[in-house]
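Overview (structure and organization)
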Amino acid sequence: KAGVTQTPRYLIKTRGQQVTLSCSPISGHRSVSWYQQTPGQGLQFLFEYFSETQRNKGNFPGRFSGRQFSNSRSEMNVSTLELGDSALYLCASSLVDGEKGWGYTFGSGTRLTVV
Amino acid sequence: AQSVAQPEDQVNVAEGNPLTVKCTYSVSGNPYLFWYVQYPNRGLQFLLKYITGDNLVKGSYGFEAEFNKSQTSFHLKKPSALVSDSALYFCAVRGADRGSTLGRLYFGRGTQLTVWP
């Protein structure tokens, strides 16, 4: 059974540009959530999508956005990149919707470097 | 409010010795607790979870964790450490409130485990 697939694995962008990251969850998983990992702030929740609807959102500026498609694949977008956006972005998929405590399976992440 | 604390940034043990990585949590409602491990430049790998039932939870790679409700702790343990266990370990709790926290994970800062030969 395929795991959670995140593309690309690595990205280098310039300040002011925008970037789109992709996450394909495990087949049958309908919940997808995104996290940002940095050495200073640790793992921080960005947002969660379930059946194409954003259910939860963390404390990030509006430059961070996302969406989920009918096949449960999700994308997140960061506009007007800043140096501080350099991070490992992790996607997690969940079988149902998290309410029954199912585990979350994480992808390998996308390492974004802003220069 | 939901939060997780991992009081030790680093844990060092000798191979073959038992290891413990500590975690305490704060959550409204019943806690759903998780342990993940991260190797360099990789995502998070699931080790084990506590939802309900026995307080001692067994997981992958010989790891286990003990849920203690009175102490609000969920320490990760392994009877005999391996050099290959060296990695970054994260404890997490799932939000239980309806609305903005349900379904999201709150992570501790992580504990770097080093097992020396």
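Summarised in this report is the structure supplied together with it. (Residues numbered from 1 in each chain as written. Chains lettered and ligands numbered in written order. Predicted model: local features only at pLDDT ≥ 70, side-chain atom pairs only at ≥ 80, totals over all residues. Heavy atoms only, no water.)

Let's shift gears to the side chain of A:R63. All names here are of chain A. Along the chain, R63 falls in the loop between β6 (53-57) and β7 (64-68). Within the structure, the side chain of R63 is placed 3.1 Å from the backbone oxygen of T80, a separation counted as a polar contact. Leave out the neighbours within four places in its chain, and R63 touches N77, V78, S79, T80, L81, E82 and D85. (Helix = DSSP H or I, 4+ residues; strand = E, 2+ residues; numbered from the N terminus. Polar contact = N/O pair within 3.5 Å; in protein donor to acceptor, adjacent residues only side chain to side chain. Contact = heavy atoms within 4.5 Å.)

Across the boundary between the two partners, chain A contributes 27 residues, which contact 23 residues of chain B. Carbon and sulfur atoms make up 47% of the surface buried where chain A meets chain B, a total of about 2000 Å² over both sides. Along the contact surface separating chain A from chain B lie zero salt bridges. Summed over the shared surface of chain A and chain B, the number is eight residue pairs in polar contact (both at pLDDT 80 or more). Element by element, the count of residues in the side of chain A that touches chain B is highest for strand β5 (residues 42-50) of chain A, at four residues. A class-by-class count of the residues in the side of chain A that touches chain B yields 10 nonpolar, 11 polar and six charged. (Buried area = accessible area lost by both parts, 1.4 Å probe. Salt bridge = Lys/Arg side-chain N within 4 Å of Asp/Glu carboxyl O. Nonpolar A, V, L, I, M, F, W, Y, C, P; charged D, E, K, R; others polar.)

Let's shift gears to empty space enclosed by the protein. One pass over the structure, following the stated rule, counts one cavity of 30 Å³ or more. Considering only enclosed or pocket space, the largest cavity measures out at about 30 Å³ in volume. Considering the residues around the largest cavity, the lining is formed by A:R9, A:Y10, A:L88, A:G109, A:R111 and B:N41. Of the residues belonging to the lining of the largest cavity, the class tally is two nonpolar, two polar and two charged. (1 Å grid on protein atoms, 1.4 Å probe; cavity = no way out; pocket = protein on both sides within 12 Å on 5 of 7 lines; lining within 4 Å. Points joined across faces, edges and corners; volume = space filled by probe spheres on them.)

With that settled, the discussion passes to unusual backbone geometry. Following A:T7, the chain continues into A:P8 via a peptide bond in cis, with omega recorded as -10°. Even without being a glycine, A:E52 presents a positive backbone phi close to 70°. The residue B:Y61 is not glycine, and still its phi comes out positive at about 60°. Classification of B:Y61 as exposed rests on a relative accessible area of 53%. (Buried < 20%, exposed > 50% of the residue type's maximum accessible area, 1.4 Å probe, protein only.)

This part covers the pattern of salt bridges. On inspection of all chains with the given rule, the structure shows eight salt bridges over all chains. B:K78 is the partner of B:D85 in a salt bridge, and the nearest nitrogen-oxygen pair spans 2.8 Å. Its relative accessible area of 7% is what places B:K78 among the buried residues. What emerges from the salt-bridge pattern is a single network uniting A:R63, A:E82 and A:D85.

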